[in-house]
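# Topology and contacts: notes
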Amino acid sequence: MIKNFVEELTWRGMIHTVMPGAEEHLMEGMRSAYVGFDPTADSLHIGNLVPIMLLAHYQRCGHKPVALVGGATGMIGDPSGKSSERNLLDENTLRHNQEAIKKQLAHFLDFESHAENAAILVNNYDWMKSFSFLEFIRDVGKHITVNYMMAKDSVKNRISSDSSEGMSFTEFTYQLVQGYDFLHLYKEKDCTIQMGGSDQWGNITTGTELIRRIESGKGYAITCPLITKSDGSKFGKSEGGNVWLDANRTSPYKFYQYWLNSSDEDAEKYIKIFTFLNQDDIFALVNEHHEAPHLRVLQKRLAEEITMMVHSKEDLDNAIKASTILFGNSTSEDLKQLNEQTFLDVFDGVPQTQIHKSDIDNGLDIIAALAEKGGFLKSNGEARRALKENSISVNKEKVNEDYKIESKDLINNKFVLLQRGKKNYFVLQII
């Protein structure tokens, strides 16, 4: 059964521009639409989540999603929104990145079933690699005028007098290559729609123009808004750079924290865009949040839904558990369940010092660990006073003056967490 895709996206705030006739075209029956992904890394990041969600909603509405990995266009560099050219990739790297990206997309799209609208993945390198330059300028280039190409914002911005970089011929041809992708998929896969961010409108409409001029056909464009944060900072970036979908690049704990730390205004917008919750459920959550904003109901549900989709229920549970360690009543057993990366993420920025394993093997006196060996506290006298005040914990458990740190205290065989009071932490790293 076909559901109204444009209507679904509209209430979610995910529509920027829809080419006239596209909504009616979609309601007539199952249609194929594609979105392009840049394969210059072996992981997508959360900036890619909006186009991923476009395809996921598209499939849920009964249509067939096509994910295009831009192997050929990745070798050129899209000028839209960029101020300079990107690095070019070799074919082996592209293939590796393509497989990694497909695994991530499979969390959102059904590639495996025998359903008529099962998703497919294509790589434009496969049809561009044997296309000679002379063939391309003869068969494609002659149909689009330079005047048409120069009128695009992505070109105008790069060749304006304000731009110091200018624009290479390679990048100038980008919109033709992307336009040809649409034409190729239109002919080979009966793909009649291309979707993407609003900055892609110029490239997409070059494709619809090629379809009209070469095939006398009709292609459609649908774009979504570029996501912004209410404080003006860039969506998808943290202090450490991109927030990636790959757990090895951004741990599930840090991924979870990114969404948990959304502002109220952003969380209200994001929960519509980045989850599959229905309108009634979201409306109820927003109301609940407005009644008690300090409980951060929206942020918690948003972080839970999206962490579970990108990673797993187990990763989500671990991230929630790790999130309570700094502020909750966690135990040494909770700490010992953290993997090394999550432990380091939770205590990122906490002062650390290194201790030799031989010191631990014989049992390290707590006063020496706090002062002389560790350097958490300034002197043995201060360490004794803190211990008498019952304010010192080892791995979240209160200890007294007689305590010795031994191998059994190690977290991941290499860390011991010292704490004074509620908020002062210190990490001993065993080498």
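Residues numbered from 1 in each chain as written. Predicted model: local features only at pLDDT ≥ 70, side-chain atom pairs only at ≥ 80, totals over all residues. Heavy atoms only, no water.

### A short note on the sheet that holds strand S15 (residues 424-430)
- A sheet is described by the order of its strands in space; here 5 strands give the open sequence S9-S15-S14-S11-S12, paired in mixed fashion. If you trace the sheet from one side to the other, it starts and ends with strand S9 (352-355) and strand S12 (397-398), each paired once.
- Where strand S11 (residues 392-394) meets strand S14 (residues 415-420), 3 bridges bridge the pair, whose relative direction is antiparallel. Counted as the bridge partner of Ser393 is Gln419 from S14. (Pairing = 2+ DSSP bridges. Helix = DSSP H or I, 4+ residues; strand = E, 2+ residues; numbered from the N terminus.)

### Describing the packing of helix H10 (residues 174-189) against helix H11 (residues 201-215)
- Two elements in contact, H10 and H11, have axes separated by 7 Å at closest approach and are oriented at 55 degrees. Classified by the angle between their axes, H10 and H11 sit oblique to one another. The two elements H10 and H11 cross, and the hand of that crossing is right-handed. Taken together, the residues of H11 that come into contact with H10 (itself represented by Tyr174, Gln175, Leu176, Gln178, Gly179, Tyr180, Phe182, Leu183, Tyr186 and Lys187) are Asn203, Ile204, Thr206, Gly207, Thr208, Leu210, Ile211, Ile214 and Glu215.
- By residue class, the composition of the contact of H10 with H11 is 10 nonpolar, 7 polar and 2 charged. (Axes fitted to C-alpha atoms, helices over the stretch in contact; angles between N-to-C directions. Parallel < 35°, antiparallel > 145°, perpendicular 65-115°, else oblique. Left-handed = near helix turned anticlockwise from the far one by under 90°. Contact = heavy atoms within 4.5 Å. Nonpolar A, V, L, I, M, F, W, Y, C, P; charged D, E, K, R; others polar.)

### A few points about helix H3 (residues 49-60)
- Given a rise of 1.5 Å per residue, 12 residues ought to cover 16 Å, and the 16 Å separating the end C-alpha atoms of H3 matches this to within 8%.
- Counted residue by residue, H3 has 11 buried out of 12 residues, so it is predominantly covered.
- Looking one or two residues beyond H3, the residue adopting positive phi is Gly62, at roughly 100 degrees. (Expected span 1.5 Å × (residues − 1). Buried < 20%, exposed > 50% of the residue type's maximum accessible area, 1.4 Å probe, protein only.)

### A short note on the UniProt feature "domain: Tyrosine--tRNA ligase SYY-like C-terminal" (unreviewed entry) in the protein
- As annotated by UniProt and renumbered to match this structure, "domain: Tyrosine--tRNA ligase SYY-like C-terminal" (unreviewed entry) occupies residues 345-427.
- Span residues 345-427 is 25% helix and 28% strand, its end C-alpha atoms 12 Å apart. (UniProt positions renumbered as here; feature names shortened; annotations may be inferred.)

### Focus: the packing of helix H13 (residues 264-273) against helix H15 (residues 297-310)
- Orientation of H13 relative to H15, taken along the N-to-C sense of each, is 45 degrees, at an axis distance of 9 Å. The angle between H13 and H15 falls in the class oblique. Judged by the sense of rotation from one axis to the other, the crossing of H13 with H15 is left-handed. Of the residues in H15, those touching H13 at Asp264, Ala267, Glu268, Tyr270 and Ile271 are Leu298, Gln299, Arg301 and Leu302.
- Class assignment for the residues of the contact of H13 with H15 results in 5 nonpolar, 1 polar and 3 charged.

### Here's the deal with the UniProt feature "binding site: ATP" (unreviewed entry) in the protein
- Mapped onto the present numbering, the UniProt feature "binding site: ATP" (unreviewed entry) falls at Lys237.
- Looking at the secondary structure, you find Lys237 in strand S7 (residues 237-238).

### Description of a nonpolar patch on the surface
- Residues Phe133, Leu134, Ile137 and Phe169 make up a contiguous nonpolar surface patch of roughly 460 Å² in combined accessible area.
- A per-element tally of the nonpolar patch places helix H6 (residues 133-139) first, with 3 residues.
- Residue position: Ile137 is located in helix H6. (Patch = residues over 30% accessible without salt bridge, like charges linked within 9 Å, V, L, I, M, F, W, Y side chains within 5 Å. Areas by Shrake-Rupley, 256 points an atom, 1.4 Å probe, with all protein chains shown as cover. Salt bridge = Lys/Arg side-chain N within 4 Å of Asp/Glu carboxyl O.)

### Some details on the packing of aromatic side chains
- Counting across every chain of the model gives 18 aromatic pairs.
- Seen in terms of ring centroids, Phe5 and Tyr58 are 5.0 Å apart; in terms of plane orientation they differ by 85 degrees. Their pairing is edge-to-face. Taken together, the residues span a long stretch of sequence, with Phe5 in helix H1 (residues 5-11) and Tyr58 in helix H3 at a distance of 53 residues.
- Note on Phe5: relative accessible area 1%, which makes it buried.
- Pairing Phe131 with Phe136 gives two aromatic rings, centres 5.5 Å apart and planes at 85 degrees, and the pair type is edge-to-face. (Phe/Tyr/Trp six-rings, centres within 6.5 Å; stacked < 30°, edge-to-face > 60°.)

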